[in-house]
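# Descriptive analysis of the structure
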Amino acid sequence: MLIYDLTHEALVSFLQTHQHKPYRADQIWNWLYKQKVTTFEAMNNLPDDLIGLLEQHFTIQALELVIKHVSQDGTVKCLYRVHDGHLIESVLMKQHYGDSICVTTQVGCNIGCSFCASGLLKKKRDLTPGEVIAQVLETERLSGKRIAYVVVMGIGEPFDNFDGLLAFLHIINHPKGLAIGARHITVSTSGLVPQIKAYAHVGLQVNLAISLHAPNDAIRSRLMKINKVYPVDEVIGAIKYYLSVTKRRVTIEYILIDGVNDTHEVALELVKKLKGLNVYVNLIPYNEVIEAPYRRSPQATMLAFYDTLKKHKIQVTLRKEQGHDINAACGQLRSQHL
Ligand code: SAH
Ligand code: SF4
């Protein structure tokens, strides 16, 4: 097991089981998440027998770097190999407000959206919470940057790895862990209705983003086969539920794909669906992938879509794409490598 898989409580109980004092957990976490050491040996305020015990029960190396790409705008993309040989990727993006990392939560993805490179590769397994944390630590090390924001938008469906996701969020948010503020963390889901409702009750102030991509079932089912299980109105219903419980604004992600979901009529339909909800729409230029038949909407179409939403008082932004020259969209580096 990876040492990063343990929540603070789990580490305390491990220590107590082995007749060590609970305060050792603070020391170990300080080494892991503040000093960011890469060996147990380096934890030089721990007694030798405790270091031996940790070495015997846990590993501390999670990721092996396969490829690192740096693009002109400062985006750093890392392809990693995990202990059983699977490949995952993390992307570090420079934002004007601080550096942000996009992490992977599963090896592949079973949601199978027709526009997405990750969905083409069936899920092999969930990543453990520690493997997700290791992406943050390792990418920080490799880039020499201090990561201030985390977006859970890499390969995989985070709500299909719900417990792992919660443990990950707990550890990166914990003041003795990475201490990344909940408001600096965003989780993106393809819209798994039961999990959205459950997530409303976990009591974290983490941002939630929903990949809607279409205002009706005809278009959305074509793009996302999960829509057959959780159609648009059920997803909107879950968003309303989440809003009523948490009072926190939700982000609606909407990729613009040429001739599919980007017309004026579709924009008006989207306005109707979202009117009165405390949401803001993040319009995303589609990143073309070799495997999918879709094209990015022309710039003028994207701007017109944006204007329609704006005119109808829907809060909206048009995302500036990043790392386009190194295939920053989710799963693309990995699928090319395979
Ligand atoms: N599985 C989750 C999180 C990972 S995908 C989800 O689907 O929300 C993160 C975001 O990237 C989603 O909004 C997804 O629709 C989008 N995305 C996937 N492939 C893309 C591509 N080729 N271009 C632009 N956005 C893409
Ligand atoms: Fe999975 Fe998200 Fe890609 Fe859909 S967009 S296949 S849910 S990673």
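From a predicted model like this one, the values you see are computed outputs, not experimental measurements.

## Overview of the side chain of serine 71
- Inspection of the secondary structure assignment puts serine 71 in the loop between β1 (64-70) and β2 (76-81).
- Side-chain polar atoms of serine 71 contact the side chain of aspartate 73, separated by 2.7 Å.

## Looking at the site of ligand 1
- Surrounding ligand 1, one finds 20 residues, the nearest of these being Gly156, Ser188, Ser211, His213 and Asn287.
- Interatomic distance of 3.5 Å between a backbone N/O atom of threonine 189 and an oxygen atom of ligand 1.
- Separating an oxygen atom of ligand 1 from a side-chain N or O atom of histidine 213 is a distance of 2.6 Å.
- Taking 530 Å² as the accessible area of ligand 1 by itself, protein coverage stands at 93%.

## Here we look at the packing of helix α9 (residues 264-274) against helix α10 (residues 299-311)
- Across the interface, α9 lies against α10 with an axial gap of 9 Å and an inter-helix angle of 30 degrees. Between α9 and α10 lies a crossing whose hand is right-handed. Contact residues: His264, Val266, Ala267, Leu268, Leu270 and Val271 in α9; Phe305, Thr308 and Leu309 in α10.
- A per-class count over the contact of α9 with α10 returns seven nonpolar, two polar and no charged.

## As for the side chain of serine 297
- With respect to the secondary-structure elements, serine 297 resides in the loop between β11 (279-285) and α10.
- A polar atom in the side chain of serine 297 sits 3.3 Å from the backbone nitrogen of aspartate 258.
- Among the polar contacts made by the side chain of serine 297, one reaches the side chain of aspartate 262 at a distance of 2.8 Å.
- In contact with serine 297, other than residues within four places in its own chain, are Leu256, Ile257, Asp258, Asp262 and Met302.

## A short note on the state of the cysteines
- One pass over the structure, following the stated rule, counts zero disulfides.
- For the unlinked cysteine cysteine 78, the closest cysteine sulfur is that of cysteine 102, found at 12 Å.
- With relative accessibility at 12%, the residue cysteine 102 sits in the buried group.

## Here's the deal with the packing of aromatic side chains
- Scanning the entire structure with this criterion turns up nine aromatic pairs.
- Consider the rings of phenylalanine 159 and phenylalanine 162, whose centres lie 5.4 Å apart with planes at 75 degrees: the pair is edge-to-face.
- For phenylalanine 159, a relative accessible area of 1% corresponds to the buried category.
- The buried category is assigned to phenylalanine 162, whose relative accessible area is 17%.
- Every member of this aromatic cluster is reached through a ring pair, and the members are Phe159, Phe162, Tyr199 and Tyr242.

## Quick notes on the sheet that holds β2
- Across the sheet, 10 strands lie side by side as β1-β2-β3-β4-β7-β8-β9-β10-β11-β12; this open sheet has mixed pairing. The open sheet has two edge strands, β1 and β12 (315-318), and neither has a second partner. For this sheet, the mean angle separating the axes of adjacent strands, direction not counted, is 25 degrees.
- Of the strands in this sheet, β7 (147-152) and β8 (185-189) are in contact with helix α5 (residues 162-173), which crosses β8 at around 165 degrees.
- Running at roughly 165 degrees to β12, α10 makes contact with β10 (250-256), β11 and β12 of the sheet.

Each value, and the rule that gives it
- Residues numbered from 1 in each chain as written.
- Chains lettered and ligands numbered in written order.
- Predicted model: local features only at pLDDT ≥ 70, side-chain atom pairs only at ≥ 80, totals over all residues.
- Heavy atoms only, no water.
- Helix = DSSP H or I, 4+ residues; strand = E, 2+ residues; numbered from the N terminus.
- Polar contact = N/O pair within 3.5 Å; in protein donor to acceptor, adjacent residues only side chain to side chain.
- Near = heavy atom within 4 Å.
- Areas by Shrake-Rupley, 256 points an atom, 1.4 Å probe, with all protein chains shown as cover.
- Axes fitted to C-alpha atoms, helices over the stretch in contact; angles between N-to-C directions.
- Left-handed = near helix turned anticlockwise from the far one by under 90°.
- Contact = heavy atoms within 4.5 Å.
- Nonpolar A, V, L, I, M, F, W, Y, C, P; charged D, E, K, R; others polar.
- Disulfide = S-S within 2.5 Å.
- Buried < 20%, exposed > 50% of the residue type's maximum accessible area, 1.4 Å probe, protein only.
- Phe/Tyr/Trp six-rings, centres within 6.5 Å; stacked < 30°, edge-to-face > 60°.
- Pairing = 2+ DSSP bridges.

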